[in-house]
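The primary structure of each chain is shown beneath.
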Amino acid sequence: TLLHTHLSLLQTYYKTHHYSLIMSALAQTFTATSASALASRKSSSFNARSSLTTSSSSSSSSTRGARLQTFARVDGGVGVFGNKAGMTQIFTDDGLCVPVTVIAVKDGNYVSAVKTADADGYNAVQVAYDAVAEHKITKPEVGHLAKAGVKPMRHVEEFRLAAPADGITVGQKLSAPEMFKEGDYVDIRGTSIGKGFQGSVKRHGFARGLMTHGSKSHRQHGSVGAGTYPGRIFPGKKMHGHMGNETTTIKQLKIMRVEDDCIIIRGNVPGKKGNLIRVAPAKIVGKNC
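Here we summarise the structure given alongside this text. As the structure is a prediction and not an experimental result, all values here were calculated from the model.

Here's the deal with a positive patch on the surface
Phase 1: A grouping of Lys195, Lys202, Arg208 and Arg219 is seen on the molecular surface, where their side chains present a positively charged patch.
Phase 2: With respect to the secondary-structure elements, Arg208 resides in the loop between helix 6 (200–204) and strand 8 (241–243).

Dropping the structure here:
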């Protein structure tokens, strides 16, 4: 419509040669067009704000009083804690020499709390481990353990479960021979050995450059991206940095022997000697998860 108006005004100009009249007509046309466009924008923005306010009020009213849901990793069952004593080897009945790790179980593994979905929003069993003097932990921890009838413990951690725990009460002592038997599979969690600041070859297994023929990049990282575009390093790029000292889980390790004061696991477990080790039943699809 505006284009047709311009054409008609130009035709009038060439016919009448009244320049001032044409300019005033053009000014009036643009003023009317901008005013109508501004009014339409105001009405559309008001409608959008009103619909947003209505939707937000309805969503807030619908979610008011709803319980906050937490999604976390669920264990295969209730387990126990121990400390890595070291590695050795044993011989099976078939004559095979098997490398094993000995996990020493100190005084502890008492149930300090049992949480349910109705009361706490999730199912879990809280286990306390490693008895210490009262002054070595905080007073809130002392009071929490005393309420459960448990003496002061250094470590308190939960085993999250998909269903409420049956047959477990507060103050109960968890014994390794009662929880596991020979031939069971468990998931082991611990803190890996810290390696400090390492290069990309050791940290990520990158291939090194030539060591001869005048090469000047033996163990260097190499290119990290283009300079013109994107002109930056993408997050998550594998580079040199701190290695180790991370929470690591090794799944489905076989138990070779179980005693009151130790658990013997086939293979290696994360961490150095003395590290805290978390032993839980392995998560097997179709069985417990």
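A look at the sheet that holds strand 1 (residues 80–91)
Phase 1: Strands sit in the order 1-2-10-9-6-11 around a closed barrel of six strands; the barrel is antiparallel. The mean angle between the axes of side-by-side strands here comes to 50°, regardless of whether they run parallel or antiparallel.

Focus on the sheet that holds strand 3 (residues 108–115)
Phase 1: An order of 3-4-5 is seen for the three strands of this open sheet, with the pairing classed as antiparallel. Only two strands of the sheet have a single neighbouring strand rather than two, namely strand 3 and strand 5 (153–161). If you compare each strand with its neighbour and ignore which way they point, the axes differ by 25° on average.
Phase 2: Here six bridges tie strand 3 to strand 4 (residues 123–131), and the two strands are oriented antiparallel to one another. Within the sheet, the bridge partner assigned to Lys115 lies in strand 4 and is Ala124.
Phase 3: Sitting on the sheet, helix 4 (residues 139–147) is in contact with strand 3, strand 4 and strand 5, with an inclination near 85° to strand 3.

Let's talk about the pattern of salt bridges
Phase 1: The final tally for this structure, using the stated rule, is seven salt bridges.
Phase 2: As a salt-bridge pair, Arg189 and Asp75 come within 3.7 Å of each other at their nearest N and O atoms. Placement of Arg189 in strand 6 (residues 185–191) and of Asp75 in the loop between helix 2 (19–63) and strand 1 is noted, with a sequence separation of 114 residues between them.
Phase 3: On the basis of relative accessibility, which here comes to 10%, the residue Asp75 falls in the buried class.

Some words on the nonpolar core
Phase 1: Grouped together as the largest cluster of nonpolar side chains are 25 residues, with contacts concentrated most on Ile103, Val125, Val186, Ile188, Ile263, Ile265 and Val279.
Phase 2: Membership of the second largest hydrophobic core comes to nine residues, among which are Val132, Val142, Ala148 and Val150.

Quick look at the side chain of Gln126
Phase 1: Mapped onto the elements, Gln126 comes out in strand 4.
Phase 2: Since its relative accessible area comes to 10%, Gln126 is described here as buried.
Phase 3: For Gln126, the side chain forms a polar contact with the side chain of Ser112, separated by 2.7 Å.
Phase 4: Leaving out residues up to four positions away in the same chain, Gln126 has contacts with Tyr110, Val111, Ser112, Ala113, Lys115, His144, Val156, Glu157 and Glu158.

What counts, and where the lines are drawn
- Residues numbered from 1 in each chain as written.
- Predicted model: local features only at pLDDT ≥ 70, side-chain atom pairs only at ≥ 80, totals over all residues.
- Heavy atoms only, no water.
- Patch = residues over 30% accessible without salt bridge, like charges linked within 9 Å, V, L, I, M, F, W, Y side chains within 5 Å.
- Areas by Shrake-Rupley, 256 points an atom, 1.4 Å probe, with all protein chains shown as cover.
- Salt bridge = Lys/Arg side-chain N within 4 Å of Asp/Glu carboxyl O.
- Lys, Arg positive; Asp, Glu negative; His and termini not counted.
- Charge placed at Lys NZ, Arg CZ, Asp CG, Glu CD.
- Helix = DSSP H or I, 4+ residues; strand = E, 2+ residues; numbered from the N terminus.
- Pairing = 2+ DSSP bridges.
- Axes fitted to C-alpha atoms, helices over the stretch in contact; angles between N-to-C directions.
- Contact = heavy atoms within 4.5 Å.
- Buried < 20%, exposed > 50% of the residue type's maximum accessible area, 1.4 Å probe, protein only.
- Core = buried A, V, L, I, M, F, W, Y, C linked by side-chain atoms within 4.5 Å.
- Polar contact = N/O pair within 3.5 Å; in protein donor to acceptor, adjacent residues only side chain to side chain.

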